[in-house]
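# Inside the fold
Take a look at the letters that make up each chain.
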Amino acid sequence: MTQPPSKRRLQTRIVHAQDQLTPGFESFAVPVARASTVVFPDLATMRSLDWRNDAQWRYGLHATPTSLVLAQRLAMLEGGQHALLQPSGLAAISNVYFGLVKAGDDVLIPDNVYSPNRDHGEWLAQDFGLTVRYYDPLIGAGIAELIQPNTRLIWLEAPGSVTMEVPDVRAITTVARSRNIITALDNTWSAGLAFRPFEQGVDISVQALTKYQSGGADVLMGATITADEALHLQLKTARMRMGLGVSADDCSLVLRSLPSLQLRFAQHDRSALALATWLKQRPEIAAVLHPALADCPGHAFFKRDFTGAGGLFSVVFDARYSAAQIDTFCESLELFSLGWSWGGAHSLAMPYDLTRMRTETQWPHRGTLVRFYIGLEDEADLREDIAQSLAALG
Ligand SMILES: *Cc1c(COP(=O)(O)O)cnc(C)c1O
């Protein structure tokens, strides 16, 4: 006979304390449900749980009520039905690969793709028996000519988040659907707000929630969003096999930022477009790569399919400046920090070496590319900062 609870020794009472949360409390915050162990009321319940059901809790790695709320809100935001969370945007990309392709399959990747996705594809090709091939992001319906009987997955990125070419998503998904090939779109640039993937025939939308959704440059998380149940379950299986989970604390940070997502995105968009337009007039700049500007490759598709652009664009400097001079330009900026990732309140600038980043298409510019992320500072201050750094170029 064990002691009644009140008679147990202190160490047992503190472990087995049967606290009841005081009822009648309400707040706007989604509670943080932390768990590795999920406790079952009895074994029959445990045995009856169906892993396919997103709300049947089996283990904290798979989901908690907090992560489920975030997944549901992301699916709603993006116009999908289901979402899975991964510990980074790159893990979401990895989840897509491992969920969909196997040895012998062929994958098509746009030549302007987010570089770690390219590296991931290369790795699978080298060590896991796939083939990966790259296509001109502006190929449109011409993608049909690249399709082989074993082509299983087509990646898209709209636009490519360094060089900003905007693809004709609809033309590519139409071909893919007619050939039973899955399309996965990295939709991070648009935050899932400015481009509606499922209306354009995309099967999987990938988000790096690390960016605008977190909004603080302090959380890493990714998501795969789908409209089709079978595809969701296929990705969910791979996610489980790979042990990809997210913490409830990180989910609560993203949930805290979501209500301001549209407002922040619109503000980033306004400032970035104003600065891009101003930079276009500067004699130091050979090209401004911003999808909302008429001479950006694929601008017609931006106009047709997008409702906004957010804070990320690139410029190409005049070829008379050396790469070292452009390094100095970036380092002379006072309000722009040097760093990867984006989506927070702080502006960023980073030079890129395009020669290492593409294999299929010829990069048409000779000058150095700098990618700007325009944060939430006052646009006039950012403009003055860029102007002083340009003036120092000589
Ligand atoms: C940042 C980013 C990712 C990866 O996100 P992480 O959370 O940093 O792994 C994927 N795609 C694009 C376009 C990105 O900008």
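Just above sits the structure.
Attention in this report is confined to the structure presented alongside it. (Residues numbered from 1 in each chain as written. Predicted model: local features only at pLDDT ≥ 70, side-chain atom pairs only at ≥ 80, totals over all residues. Heavy atoms only, no water.)

### Let's talk about the overall build of the protein chain
- Secondary structure summary: the protein chain contains 12 helices and 11 strands in total.
- Whereas a compact globule of 394 residues would reach a radius of gyration of roughly 21 Å, the protein chain reaches 24 Å, a difference of no more than 12%.
- C-alpha atoms of the protein chain, sized along the principal axes, occupy 85 × 55 × 35 Å.
- Of the roughly 18800 Å² that the protein chain leaves accessible, carbon and sulfur atoms contribute 54%. (Helix = DSSP H or I, 4+ residues; strand = E, 2+ residues; numbered from the N terminus. Rg over C-alpha atoms; globule rule 2.2 N^0.38 Å. Areas by Shrake-Rupley, 256 points an atom, 1.4 Å probe, with all protein chains shown as cover.)

### Looking at the environment of V162
- The topology assignment puts V162 in the loop between β4 (151-157) and α6 (169-178).
- Taking relative accessible area as the criterion, V162 reaches 8% and is therefore assigned buried.
- With residues up to four places along the chain from it excluded, the contact list for V162 reads S314, Y352, M357, L369 and R371. (Buried < 20%, exposed > 50% of the residue type's maximum accessible area, 1.4 Å probe, protein only. Contact = heavy atoms within 4.5 Å.)

### Description of helix α9 (residues 261-280)
- Taking 1.5 Å per residue, 20 residues should reach 28 Å; α9 reaches 28 Å between its end C-alpha atoms and fits that length.
- All buried positions along α9 are accounted for by L261, R264, F265, H268, D269, S271, A272, L275, A276, W278 and L279. (Expected span 1.5 Å × (residues − 1).)

### Remarks on the site of the ligand
- Among the 14 residues in the neighbourhood of the ligand, the closest are listed as G89, L90, D186, T210 and K211.
- Here the ligand loses 91% of its free accessible area of 380 Å² to cover by the protein chains.
- A per-element tally of the shell around the ligand places helix α4 (residues 89-100) first, with three residues.
- Looking at side-chain class alone, the shell around the ligand contains six nonpolar, five polar and three charged residues. (Near = heavy atom within 4 Å. Nonpolar A, V, L, I, M, F, W, Y, C, P; charged D, E, K, R; others polar.)

### Some points on the environment of E165
- Among the secondary structure elements, E165 is positioned in the loop between β4 and α6.
- Leaving out residues up to four positions away in the same chain, E165 has contacts with N112, P137, L138, P159, G160, P297, R358 and W363.
- Among the polar contacts listed, one links the side chain of E165 to the side chain of N112, at a separation of 2.9 Å.
- Within the local environment of E165, its side chain forms a polar contact with the side chain of T163, the two groups lying 2.6 Å apart. (Polar contact = N/O pair within 3.5 Å; in protein donor to acceptor, adjacent residues only side chain to side chain.)

### Brief notes about unusual backbone geometry
- Residue P159 is reached from A158 by a cis peptide bond, and omega for that bond is -10°.
- Along the polypeptide, P159 turns up in the loop between β4 and α6.
- Notably, A191 is not glycine yet its phi reads approximately 60°, a positive angle.
- Mapped onto the elements, A191 comes out in the loop between β5 (182-186) and β6 (204-208).
- Classification of A191 as buried rests on a relative accessible area of 2%.

### Some details on the sheet that holds strand β10 (residues 348-352)
- Spatial ordering of the open sheet is given by β8-β9-β11-β10, a layout of four strands whose pairing is antiparallel. Looking at strand neighbours, the two that pair on one side only are β8 (285-289) and β10, the edges of this open sheet. On average, each strand axis in the sheet is inclined to that of its neighbour by 25°, with strand direction left out of account.
- Sheet topology note: the β10/strand β11 (residues 369-373) ladder contains five bridges and is antiparallel. When the sheet's bridge partners are listed, Y352 is paired in β11 with L369.
- Along the sheet, α9 makes contact with β8, β9 (312-317) and β11, crossing β9 at roughly 10°. (Pairing = 2+ DSSP bridges. Axes fitted to C-alpha atoms, helices over the stretch in contact; angles between N-to-C directions.)

### Section: the side chain of D269
- Tracing the sequence through the fold places D269 in helix α9.
- In this structure D269 is buried but unpaired, with R270 as the nearest side chain of opposite charge at 7.5 Å.
- If we skip the residues at most four places from it in the chain, D269 touches G308, A309, G310 and G311. (Lys, Arg positive; Asp, Glu negative; His and termini not counted. Salt bridge = Lys/Arg side-chain N within 4 Å of Asp/Glu carboxyl O.)

### Structural notes on the packing of α4 against helix α7 (residues 229-242)
- Packing of α4 against α7 leaves a shortest axis separation of 8 Å and a crossing angle of 105°. With respect to α7, the element α4 is oriented roughly perpendicular. Residues S94, N95, V96, F98, G99 and L100 of α4 touch α7, and the partners they reach there are L231, Q234, L235, A238, R239 and M242.
- Broken down by class, the residue content of the contact of α4 with α7 amounts to seven nonpolar, four polar and one charged. (Parallel < 35°, antiparallel > 145°, perpendicular 65-115°, else oblique.)

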